[in-house]
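# Structural features, examined
Here are the chains, one letter per residue:
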Amino acid sequence: MSTNNNNNAVNESLNFLEEIIEADLASGKFDRILTRFPPEPNGYLHIGHAKSICLNFGLALKYGGKTNLRFDDTNPVTEETEYVDGIIDDVRWLGFEPAQILYASDYFGQLYEWAKVLIEKGKAYVDFSTPEEVAEQKGSPTTPGVANQYRDTTPEENLALFERMKNGEFPDGHCTLRAKIDLSSPNMHMRDPYLYRIKHAHHHRTGDKWCIYPMYDWAHGQSDSIEQITHSICTLEFIPHRELYDWCIRELGVFPSKQYEFARLSLSYTVTSKRKLKQLVEEGHVSSWDDPRMPTISAFRRRGYTPESIREFANRIGVAKRDNVIEMSLLEFCIREDLNKKALRRFAVLHPLKVVITNYPEGKTEWLETENNPEDPTTGTRELAFSRELYIEQDDFMENPPPKYFRLSPGGMVRLKSAFIIRCESVEKDDAGNVTAVHCTYVPESRSGQDISGLKVQGVIHWLSVAQAQKAEVRLYDRLFQVEDPAAEEDFKATINPDSLKVIENAWIEPALSKTEAGEKFQFTRLGYFCVDPDSTEERPVFNRTVTLKDTWQKEVKKSR
RNA sequence: UGGGUCAUGGUGUAAUGGUAACACAGAAGUUUUUGGUACUUUUAUUCAGGGUUCGAGUCCUUGUGACCCAACCA
């Protein structure tokens, strides 16, 4: 686990949450810590949730505590078990094991009892006003709210009414239970917030047992309290809820969990809003929640990101209270850094150009050794077939090269990686003038590892022997959006990148790549990191491009344009 | 003349009254049979004004700006 350990150097700086925890531990306020990750099961988890997961689990790990996974399932109409399963998978895939997997719905009984306690104290009442009336009565941030007739109902009557609500005697929306707090509070959340609403809906866990469901504010803090969560960490937009969170716990006299807030993650060139992500899926802009262009955890997994890279990313972005936008390049750095060490190198030619070695005997094949990963010699070597007809990348040949182009061009020489130096003698063209093949001669004494040719070439390119090459589908992904902050657009979908996915139906791969399993990761030498997609079959392997290699030449080309 | 949160290089995050640093990104270079990796060098930062102090990114004050809050969502 890449999470920090507490035996680090003394001067290692702490983030604001670590400071709070260390102070709480030092003062004896707590002798252990318990955090929780509380997703609502109404969608798949995205990279922003990954930040929260790494934070909550990471903090617990650092201070010898634990973390619960608790589903905030208080709204039966939007929540589904499909999402519950996906979320559990994602948390485990990231590398964290919850101390307990719990549900806010487990506490519906207790929450109901506590609501009655509040009513008995005269701190809650059943309100028959419409949502419009309530909004009206609440006033505005600049004008105080006004009380309605229901606010003065006696506890006895409220108790009876609340029981009738629970018993299903009223239709949806007929009335609500509201806390009786302060209608003139500058904090709108304290102006008699809703505690319960009526929904005759089937719940994914409690079935039809309940027709009244607690609101977030009545469920969350108490759930924390029941579990004895010490540090309840959430995002900034919940700051105004904290006063209410504390009020509920105080009125009930239960375990005083405390809420702390941090700034959620924003990633450039993407959206992290469940609503928007759901739209992308439902309207078919992407194929699924785990379409590799999505910023969901499951999509990153399918695309070829490792859990280690995402945890490293979470560590590097840090945590604070100010709004932030993280550049995609940091995430890409993290996955390249990880895969550079782990991924075996393989040759693949995505856009083939045929090369004929005119001085190489027809029918001859020799096997040349090449390294599996220069970063890790323990991964050994493999053999590559070499013969008269080869494929190279179209990009690696130019008839009229610009300055500093050191790949193949007429009359020029280049090294075929782990093989021989070749010289371009002539080109074949079709009627339209496109180069269809390149004729070269090779230098027999330039064989890699036994080069006595004395020749020096600048360029090294990858290649494949035509006879042994096998076909594969390769999916090239690019950013889904063309603008840095799609969410700020009038219509974020109008900024979708039309080239976010390019499918290469007929790419060539080396034989060593033909038997792979979904999820396996490779570096296609000089091209990038690729991951075997679950769509892969034995007859037709499918690879997803996780990320390209850093390409300073491409940058150079773009600059000169 | 509602309340709240936050302001440090392009982007993030540190510096806890004592030399503004680290990473990513950018630029230049060395090495290299991946124009990758590694390594070296380098550009660039405290929102503004006032105050306290020997000394302020940090404390006080006044502004300015951004974001959040008036769902029977979480």
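## Concerning the overall build of chain A
In terms of regular secondary structure, chain A is built from 13 helices and 25 strands. Scaling as 2.2 N^0.38, a compact globule of 561 residues should have a C-alpha radius of gyration of about 24 Å, whereas chain A reaches 31 Å, well beyond that. When the backbone C-alpha atoms are referred to their principal axes, chain A occupies close to 100 × 55 × 45 Å. The contacts in chain A between residues at least 6 apart in sequence include a share of 71% that link residues at least 24 apart.

## Overview of the packing of aromatic side chains
Using the criterion set out here, one finds 27 aromatic pairs in the structure. The interplanar angle of 75° and the centroid separation of 5.7 Å between the aromatic rings of F108 and Y213 together place this pair among those described as edge-to-face. With F108 in helix α4 (residues 108-120) and Y213 in strand β7 (residues 212-214), this pair connects stretches of sequence that are 105 residues apart. In terms of burial, F108 and Y213 fall into one category: buried.

## Structural notes on the sheet that holds strand β17 (residues 421-429)
Across the sheet, which stays open at both edges, the 7 strands sit in the order β19-β16-β17-β18-β12-β15-β20 with mixed pairing between neighbours. Each having just a single partner strand, β19 (460-461) and β20 (464-465) make up the two edges of the open sheet. Summarising the sheet, strand β12 (residues 352-357) and strand β18 (residues 435-443) pair through 4 bridges and their orientation is parallel. Paired with K354 across the two strands is A437, which belongs to β18.

## A look at the packing of helix α2 (residues 47-62) against helix α11 (residues 307-317)
Contact geometry of α2 with α11 gives a least axis separation of 9 Å together with a crossing angle of 75°. Taken together, the axes of α2 and α11 lie roughly perpendicular to each other. Along the contact surface, α2 presents I47, A50, K51 and C54, while α11 presents I310, R311, F313, A314 and I317. The class makeup of the residues in the contact of α2 with α11 is 7 nonpolar, no polar and 2 charged.

## Describing the protein's contact with RNA strand B
Around RNA strand B sit 68 residues in total, of which E19, R316, R322, R345 and S448 are the nearest. Looking at RNA strand B alone, sugar and phosphate atoms form 64% of those within 4 Å of the protein. Here a base nitrogen of RNA strand B and a backbone polar atom of K404 are 2.9 Å apart. Separating a base nitrogen of RNA strand B from a side-chain N or O atom of R407 is a distance of 2.6 Å.

## Section: the environment of E489
Checked against the element boundaries, E489 lands in the loop between β21 (470-477) and β22 (501-509). Here the alpha-carbon distance between E489 and G65, two residues 424 residues apart in the chain, equals 42 Å. With sequence-adjacent residues up to four places away left out, E489 is seen in contact with V483 and T495.

## What about the pattern of salt bridges?
Applying the stated criterion across every chain yields a total of 42 salt bridges. Linking D192 and R151 is a salt bridge whose minimum nitrogen-to-oxygen distance equals 2.7 Å. Of the two residues, D192 sits in the loop between β5 (176-179) and β6 (194-198) while R151 sits in the loop between α5 (131-138) and α6 (155-166), which places them 41 residues apart along the sequence. A relative accessible area of 0% places D192 in the buried class. In this structure, E261 and R242 form a salt bridge, with 2.7 Å as the shortest nitrogen-oxygen distance. Taken together, the residues E261 in strand β9 (residues 258-262) and R242 in helix α8 (residues 242-252) connect sequence positions 19 residues apart. Look at R242 and you get partly exposed, because its relative accessible area is 31%. Each of D290, R302, E473, R475, E505, D533, D535 and R540 takes part in a single network of salt bridges with overlapping partners.

Reading guide: rules and limits
Residues numbered from 1 in each chain as written. Chains lettered and ligands numbered in written order. Predicted model: local features only at pLDDT ≥ 70, side-chain atom pairs only at ≥ 80, totals over all residues. Heavy atoms only, no water. Helix = DSSP H or I, 4+ residues; strand = E, 2+ residues; numbered from the N terminus. Rg over C-alpha atoms; globule rule 2.2 N^0.38 Å. Contact = heavy atoms within 4.5 Å. Phe/Tyr/Trp six-rings, centres within 6.5 Å; stacked < 30°, edge-to-face > 60°. Buried < 20%, exposed > 50% of the residue type's maximum accessible area, 1.4 Å probe, protein only. Pairing = 2+ DSSP bridges. Axes fitted to C-alpha atoms, helices over the stretch in contact; angles between N-to-C directions. Parallel < 35°, antiparallel > 145°, perpendicular 65-115°, else oblique. Nonpolar A, V, L, I, M, F, W, Y, C, P; charged D, E, K, R; others polar. Near = heavy atom within 4 Å. Polar contact = N/O pair within 3.5 Å; in protein donor to acceptor, adjacent residues only side chain to side chain. Salt bridge = Lys/Arg side-chain N within 4 Å of Asp/Glu carboxyl O.

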